[in-house]
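These are the residues of each chain, in order.
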Amino acid sequence: MSTQHWLFQANPKVFQLQQALRAEVLDSFTVRSHKDKIHPGDKVILWLSGKNAACYGLAEVTSDVQEQPIGEAEKAYFLEVPPNNQPRVQIRILYNLWDRPITPDLLPDSSIFEEFNAGLPGTNFKASKAQYDAIEQLVVQHDVVHEPEPEYETPDWIGHPLNLILYGPPGTGKTYQTVNHALAVIENRSLEEIELEDRTILRKRFNQYVSAGQIAFVSFHPSFSYEDFVEGIRAETRNGQIHYSIQQGIFKTMALEARRCLYEAYLEDQSVQQQTIAFNQLYSAFLQYLKSSAFSHFVAPSKKPVFLHRVLRFGNLAVRTAQSFAVKMVEKSVLQKLYHQLKDSDQHPSPSDLKALINRDNPSAYLAVLIALKAFESDYLQEQHPTDPVGNAQLELPHISRRILAKCKRYVLIMDELNRGNTSAIFGELISLIEADKREGAREAMSTVLPYSKTYFSVPPNLYLVGTMNTADRSTEVLDLALRRRFAFRQMLPRPEIIPHKARQAIIAGVDLQKMLRCINQRLVYLLDEEHQIGHAYLMEVVQLDDLIQVFENRIIPLLQTYFFNDLGKVGLVLGRSFVQKAPQTGDSGTIFASFDHPYSGEFAERQQYVLTNPEKWDESTFIQIYDPSYQ
């Protein structure tokens, strides 16, 4: 069966052809016409219609037309959701032109393109061999087959702060949110994206990272110390004898594990760079040799000569075989991969095996150039005696790029109730080391000698710290100022607006929980400040009136009493007379106090006292009157 040629056209309103080719995920194409005529071995012109119309690639059909699902990687580039199964063919990209497409103005002004169907409505059209060959010749002439891969920074890098403190009143979900923040850091995703997922799934992944050692949780408290956090001496009994040993705290344990991952990624990156530098040095000398009079031609495995047509941009070679004027491309990047894969082998693969390895149509040409390169290498090394381009000095960690960090696992240490501990004593010298520009691998990196183990220690850049602070328990103002300068602070205030969407019940026995919480917090801000409010978390799990009564009796009212130092009069200003009532007067100063002359005893006796109402008498009206005093 002779090879046929086709024009496969993509609609930019349906499929992002250029982006899919750039990502190297295009391995199939929809077929709506000529289903019985398209067969393996046929050649394809990949064309994008619309205002950016051009040929973005040449391909080969590798399967018959059949109904099949679209691959997940390829499906991501459809702007309209495609059917689950539709007629498609598998294709193999021969020339990927995503970065320099062959636009219509580049096509030769020739009669062969008079019946070129690009731009017509439709997906699959018949093309001619002359049209395909003309475009292929343009590819070779314009050297658009290969562009050197740019050194991208880590794609879609999410800039999460290395040190973060979530602070706010009780019940605002600070500890709850640490799960989302930890997952966002480890998975390099935005917090907004994480919050769209089901909480059960998030908790499952969180626990998996905890088991893997990438997340750890610790609660600060007054007796928590540097020895617990970093390192300290611990006594233990062995065979009736007391022995003292230095034990690592949770912070040092995670820092060492994070550094190990960072160190391995750095070594791997250095190895790749070293190989690239060595090859580039060799290949640069090889190109000079090819341009000299000492070189005449390559020799194919069949002993036939292969002539160098010319050296193209970026080190690519245009070659042709004897008795043929058809120019073939030998790409430097493909040659480099072959060089490394076959570097330690004296045996060369057959052309058929090599074709499957490199996915190119001219394996003999690649093999001829590779044989010449290896022959040149032995003489080159004897003349140059090259040294290690990276250096043989003891390996340290210089500036760590995002490219290296992207290869590392990330680690998150969650520090709950941060301000309940003596942060200055707990962090010690680490206060300086946790700064972003003082982390290991940063330009201003610092290290210190730990007091117990006497070893050098630095904080790696892939260890993230997430703390929580309850502002009602202890103001953030008393936190060590040196520590405050090194953490990013994110305030978390009550969010009554999420109650209708995420609470188990938004209205209970007629009580609107959202209105009630908003009204309480408005009064608390007037009487105190925004750091002394009631968080929405107190009401998220309430499902019936008895639950609401329990929450108020055991959690909210005791918290308000703490806020106001047990001044029930101010609690009454927040909740109303349904919760707080005046206590009856029991007498005058002569009957209340002991027998003693005091100028203000009468004033003391007349001071109004308040008491809480009996929770057993609370009903729905009690709570509704918080935000609607006229309700009966």
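Conventions and cut-offs
Residues numbered from 1 in each chain as written. Predicted model: local features only at pLDDT ≥ 70, side-chain atom pairs only at ≥ 80, totals over all residues. Heavy atoms only, no water. Pairing = 2+ DSSP bridges. Helix = DSSP H or I, 4+ residues; strand = E, 2+ residues; numbered from the N terminus. Axes fitted to C-alpha atoms, helices over the stretch in contact; angles between N-to-C directions. Buried < 20%, exposed > 50% of the residue type's maximum accessible area, 1.4 Å probe, protein only. Core = buried A, V, L, I, M, F, W, Y, C linked by side-chain atoms within 4.5 Å. Contact = heavy atoms within 4.5 Å. Phe/Tyr/Trp six-rings, centres within 6.5 Å; stacked < 30°, edge-to-face > 60°. 1 Å grid on protein atoms, 1.4 Å probe; cavity = no way out; pocket = protein on both sides within 12 Å on 5 of 7 lines; lining within 4 Å. Points joined across faces, edges and corners; volume = space filled by probe spheres on them. Parallel < 35°, antiparallel > 145°, perpendicular 65-115°, else oblique. Left-handed = near helix turned anticlockwise from the far one by under 90°. Nonpolar A, V, L, I, M, F, W, Y, C, P; charged D, E, K, R; others polar.

Peer 1: Explanation requested: the sheet that holds strand β8 (residues 163-168) in the structure shown.
Peer 2: Where strands meet in a sheet, backbone hydrogen bonds hold them as pairs that are either parallel or antiparallel. If you walk across this open sheet you meet the five strands as β9-β16-β19-β8-β20, and the pairing is parallel. Edge strands, defined here as strands with exactly one partner in the open sheet, are β9 (215-219) and β20 (488-491). The mean angle between the axes of side-by-side strands here comes to 20°, regardless of whether they run parallel or antiparallel.

Peer 1: Sorry, what's going on with the sheet that holds strand β12 (residues 298-299) here?
Peer 2: What the four strands build is an open sheet, ordered β12-β13-β14-β15; its pairing is antiparallel. The sheet is open, and its two borders are formed by β12 and β15 (328-330), each paired with just one other strand.

Peer 1: Help me out: how do you make sense of the pairing of strand β3 (residues 43-48) in this one?
Peer 2: In regular strands, side chains alternate between the two faces of the sheet. With six of its six residues buried, β3 lies for the most part within the structure. Side-chain alternation along β3 places Lys43, Ile45 and Trp47 on one buried face and Val44, Leu46 and Leu48 on a second face that is also buried. Examined bridge by bridge, strand β1 (residues 5-10) and β3 share six bridges and lie parallel to one another. When the bridges of β3 are listed, Trp6 appears paired with Val44. In this antiparallel pair of consecutive strands, β3 and strand β4 (residues 54-61), the connection spans five residues, and Gly50 shows a positive phi of 95°.

Peer 1: Got a minute to help me understand unusual backbone geometry in this structure?
Peer 2: Most peptide bonds are trans, and most residues other than glycine sit at a negative phi. The backbone of Asn188 sits at a positive phi, close to 55°, despite the residue not being glycine. Looking at where Asn188 falls in the secondary structure, it is placed in the loop between α4 (174-186) and α5 (191-195). Relative accessible area serves as the criterion here: at 21%, Asn188 is assigned to the partly exposed category. At Asn566, a position not held by glycine, the phi torsion is positive, near 65°. Residue placement: Asn566 occurs in the loop between α18 (545-563) and α19 (568-575).

Peer 1: What is the right way to look at the nonpolar core in this model?
Peer 2: One recurring pattern in soluble globular proteins: nonpolar side chains tend to sit buried together. Ranked by internal contacts, the top residues of the largest apolar core, which has 40 residues, are Phe229, Phe251, Met415 and Phe427. A per-element tally of this core places helix α8 (residues 250-291) first, with eight residues. Those residues within four positions of Phe229 in sequence are excluded, and the remaining contacts are Phe220, Phe224, Gly249, Ile250, Phe251, Lys252, Leu413, Met415, Ile426, Phe427 and Leu430. Of all hydrophobic cores here, the second largest spans 36 residues; its members include Tyr538, Leu559, Tyr563 and Val571.

Peer 1: Where do I start with the packing of aromatic side chains in this structure?
Peer 2: Each aromatic ring pair is characterised by the separation of its centres together with the angle its planes make. Applying the stated rule across the entire model yields 24 aromatic pairs. Arranged with centres 5.8 Å apart and planes meeting at 65°, the rings of Tyr167 and Phe489 form a pair that is edge-to-face. Of this pair, Tyr167 sits in strand β8 while Phe489 sits in strand β20, and the two are 322 residues apart along the sequence. Judged by its relative accessible area of 15%, Tyr167 falls in the buried class.

Peer 1: Even after reading the chapter, I still don't get the layout of surface pockets, so can you show me in this structure?
Peer 2: Where empty space is left becomes clear once a probe the size of a water molecule has been rolled over the atoms. Computed from the structure, the second largest pocket encloses a volume of approximately 550 Å³. Along its surface, the second largest pocket is lined by 20 residues, and Tyr176, Gln177, Ile498, Lys502 and Met540 are the ones closest to its centre. Tallying contributions element by element places α4 first for the lining of the second largest pocket, with three residues.

Peer 1: In this structure, what is going on with the packing of helix α17 (residues 513-527) against helix α22 (residues 620-627)? I would like to understand it.
Peer 2: Helix-helix packing: each pair is described by the crossing angle between the helix axes and the interaxial distance. At a minimum axis distance of 8 Å, the contact between α17 and α22 shows a crossing angle of 50°. On the basis of the axis angle, α17 is oblique to α22. Crossing of α17 over α22 shows left-handed handedness. Between α17 and α22, the contacting residues are Lys515, Met516, Cys519, Ile520 and Arg523 on the first element and Phe623, Ile626 and Tyr627 on the second. Class assignment of the residues belonging to the contact of α17 with α22 gives a composition of six nonpolar, no polar and two charged.

Peer 1: What is the right way to look at the packing of α18 against α22 in this model?
Peer 2: Where α18 contacts α22, the axes come no closer than 10 Å and their chain directions differ by 60°. Between α18 and α22, the interaxial angle falls into the category oblique. α18 and α22 meet at a crossing whose hand is left-handed. Contacts from Leu545, Leu548, Ile549 and Phe552 of α18 reach α22 at Glu620, Phe623 and Ile626. Partitioning the contact of α18 with α22 into residue classes produces six nonpolar, no polar and one charged.

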